[in-house]
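Each chain, written out:
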Amino acid sequence: MASLAAPKVIPPTQQAYLDAFKSGGWAKRGPGFVREARESAMMAFAESGFPSTKAEAWKHTPLRELTAQAFQPAQGPARAVTEAEVAPYRLAGAIELVFVDGHHVAALDGLTDELVQPLSVALLKPTEDLEANLARHGGDEPFTALNTAFWQDGGFIHLPADEIVEEPIHLLHISTEPASPTASHVRHLIVAGPRSQATIIESYIGLPSGSPALTTSVTELVAGEGAHIQRAKLQRENLHALHVGHLAIRQDRASVVHDNLLSIGAQLARNEVDGILGMEGSELHLNGLFLATGTQHVDCPTLIDHAVPHTTSRELYKGVLDGRSHGVFLGSVKVRADAQKTDSMQTNRNLILSDGARMETTPQLEIHADDVKCAHGSTIG
């Protein structure tokens, strides 16, 4: 008689997230396509659980800080935030949405524009572009899946064809002082129509706090034919915070995307980038700088996928480490078999200022085409 397989044992922290999803009614939040995405993401998380350090992408990450306890989704801002607290972080003249503990606070917004809406508002009358792209590109890796299941709010930036936005668009996130371990899950969708142009900044700020808090952020950026998008992410949460971010970039013909990262905050910060150059003539530039001290840990895993011929990518990441901090750069460039005439350059440079600091750097090229111009290199000094 065939033996029965032992039932799967679910770790307590993973089970706590599954219970929170059910008890919080998250599967019933939003229109049908959002509810389906939430349920699918939670099913993926139930199946996969948390990542393992056996996986190359998580090999050097102190996962226990992320998995030892369950961070319950914030039900709203932990407290009221004043204009005086927000003012130092505003960008003068910017179109600005402000989120506190993952929730949009309209009273704190800066300039407004109909092209930039909170997702909570946009989903009241979802457009075709919103439904076609929201939660379609980020994947189902564990922390992205948690974000998809639990996201509270975020920004929807929709640029029509030929739209040129002169003012910067600022998505400002404020974390306060949670009474217990809580999580802010924010989701952003940027759909840039053909030949549109804009500059978008995401800022993550942590007000002084002695309590740990988790932020997961997922941004899906879809650049239409000939679109030019500049994006910057400024991560400077307090040193009790945990931050896991994911950026998914999908590019059409002749589109140009510049992404810039500055990471100086959080006890553990992980900023993932997943870019697919999906049409000829597309161009992707990734630039990153992190500064770490004390016992901070910073992860910068990136993937650039040259899926078609005649695409270009440039990547430059730099790290400066002091104290007993730890940095990780895992940069992958993939050139598919049909992606002839690919032009790619990847560079990682790091400066260590103390005997206790460590840096792990792994630049990778995976090339399946023979008519390409690709190079990579890394230094630690």
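Reading the values: the criteria
- Residues numbered from 1 in each chain as written.
- Predicted model: local features only at pLDDT ≥ 70, side-chain atom pairs only at ≥ 80, totals over all residues.
- Heavy atoms only, no water.
- Helix = DSSP H or I, 4+ residues; strand = E, 2+ residues; numbered from the N terminus.
- Buried < 20%, exposed > 50% of the residue type's maximum accessible area, 1.4 Å probe, protein only.
- Polar contact = N/O pair within 3.5 Å; in protein donor to acceptor, adjacent residues only side chain to side chain.
- Contact = heavy atoms within 4.5 Å.
- Patch = residues over 30% accessible without salt bridge, like charges linked within 9 Å, V, L, I, M, F, W, Y side chains within 5 Å.
- Areas by Shrake-Rupley, 256 points an atom, 1.4 Å probe, with all protein chains shown as cover.
- Salt bridge = Lys/Arg side-chain N within 4 Å of Asp/Glu carboxyl O.
- Expected span 1.5 Å × (residues − 1).
- Arc of directions from axis to C-beta.
- 1 Å grid on protein atoms, 1.4 Å probe; cavity = no way out; pocket = protein on both sides within 12 Å on 5 of 7 lines; lining within 4 Å.
- Points joined across faces, edges and corners; volume = space filled by probe spheres on them.
- Nonpolar A, V, L, I, M, F, W, Y, C, P; charged D, E, K, R; others polar.
- Lys, Arg positive; Asp, Glu negative; His and termini not counted.
- Charge placed at Lys NZ, Arg CZ, Asp CG, Glu CD.
- Pairing = 2+ DSSP bridges.
- Core = buried A, V, L, I, M, F, W, Y, C linked by side-chain atoms within 4.5 Å.
- Phe/Tyr/Trp six-rings, centres within 6.5 Å; stacked < 30°, edge-to-face > 60°.
- Lys NZ or Arg CZ within 6 Å of the ring centre and 35° of its normal.

Draft legend 1. Representation of the side chain of S203 within the structure. When you line up the elements, S203 lands in strand β8 (residues 197–206). With a relative accessible area of 1%, S203 lands in the buried category. A polar side-chain atom of S203 sits 2.8 Å from a polar atom in the side chain of H170. With sequence-adjacent residues up to four places away left out, S203 is seen in contact with H170, L171, L172, H173 and L234.

Draft legend 2. A look at a nonpolar patch on the surface. A surface patch of nonpolar side chains, about 270 Å² in accessible area, is lined by L262, I264, L289 and L291. Among the structural elements, L289 can be located in strand β14 (residues 283–292).

Draft legend 3. Representation of helix α7 (residues 142–150). Most of α7 sits inside the fold, with nine of its nine residues counted as buried. Taken together, the buried positions of α7 are occupied by P142, F143, T144, A145, L146, N147, T148, A149 and F150.

Draft legend 4. Spotlight on helix α1 (residues 12–23). The terminal C-alpha atoms of α1 lie 16 Å apart, and with twelve residues this matches the ideal 16 Å at 1.5 Å per residue to within 8%. Listed in full, the buried residues belonging to α1 are T13, Q14, Y17, L18, A20 and F21. The arc that holds the buried residues of α1, viewed along the axis, is 160 degrees, so those residues lie on one side. Facing away from the buried side of α1 by more than 90 degrees, the exposed set consists of P12, K22 and S23. Tucked inside the fold, the buried residues of α1 contact α2 (32–48), α3 (64–67), β1 (72–73), α7 and β9 (213–223). Once α1 ends, the next one or two residues include G25, with phi positive near 65 degrees.

Draft legend 5. Region of interest: the layout of surface pockets. Space inside the largest pocket adds up to approximately 480 Å³. What lines the largest pocket is a set of 22 residues, among which A57, E141, H246, D274 and L303 lie closest to the centre. Considering only residue class, the lining of the largest pocket consists of eight nonpolar, seven polar and seven charged. Roughly 210 Å³ of volume is contained in the second largest pocket. Forming the walls of the second largest pocket are 14 residues, and the residues nearest its centre are R29, R38, S120, W151 and Q152. Mapped by element, the contributors of at least two residues to the lining of the second largest pocket are α2 and α5 (119–122). Partitioned by chemical class, the residues of the lining of the second largest pocket number seven nonpolar, five polar and two charged.

Draft legend 6. Structural detail: a negative patch on the surface. A cluster of like negative charges, contributed by E36, E39, E128 and E131, occupies part of the molecular surface. Every element with two or more residues in the negative patch is listed here: α2 and α6 (128–133). Tracing the chain through its elements places E36 in helix α2.

Draft legend 7. View of the sheet that holds β14. The sheet built from ten strands is open, its strands ordered β3-β2-β6-β8-β10-β12-β14-β16-β18-β20 with mixed pairing. The open sheet is flanked by β3 (103–104) and β20 (373–380), the only strands paired with a single partner.

Draft legend 8. View of the nonpolar core. Judged by nonpolar contacts, the single largest core of 40 residues is most densely connected at I157, L159 and I169. Non-local contacts of I157, meaning those with residues more than four positions away in its chain, are made with L115, V116, I169, L171, L189, I190, V191 and I200. With 23 residues, the next largest nonpolar core counts F21, W26, M42 and F45 among its residues.

Draft legend 9. Quick look at the packing of aromatic side chains. Applying the stated criterion to the full structure yields nine aromatic pairs. Consider the rings of Y17 and F45, whose centres lie 6.0 Å apart with planes at 90 degrees: the pair is edge-to-face. On the criterion of sequence distance, the pair formed by Y17 in helix α1 and F45 in helix α2 is long-range, its members being 28 residues apart. Among the aromatic residues, ring-to-ring pairing joins Y17, F21, W26, F45, F50, W58, F143 and F150 into one connected group. Over the ring of W151 we find R38, and its NZ or CZ is 4.6 Å from the ring centre. Over the aromatic face of Y204 sits the side chain of K233, whose NZ or CZ is 5.2 Å from the ring centroid.

By themselves, these are just geometric observations and shouldn't be taken as functional.
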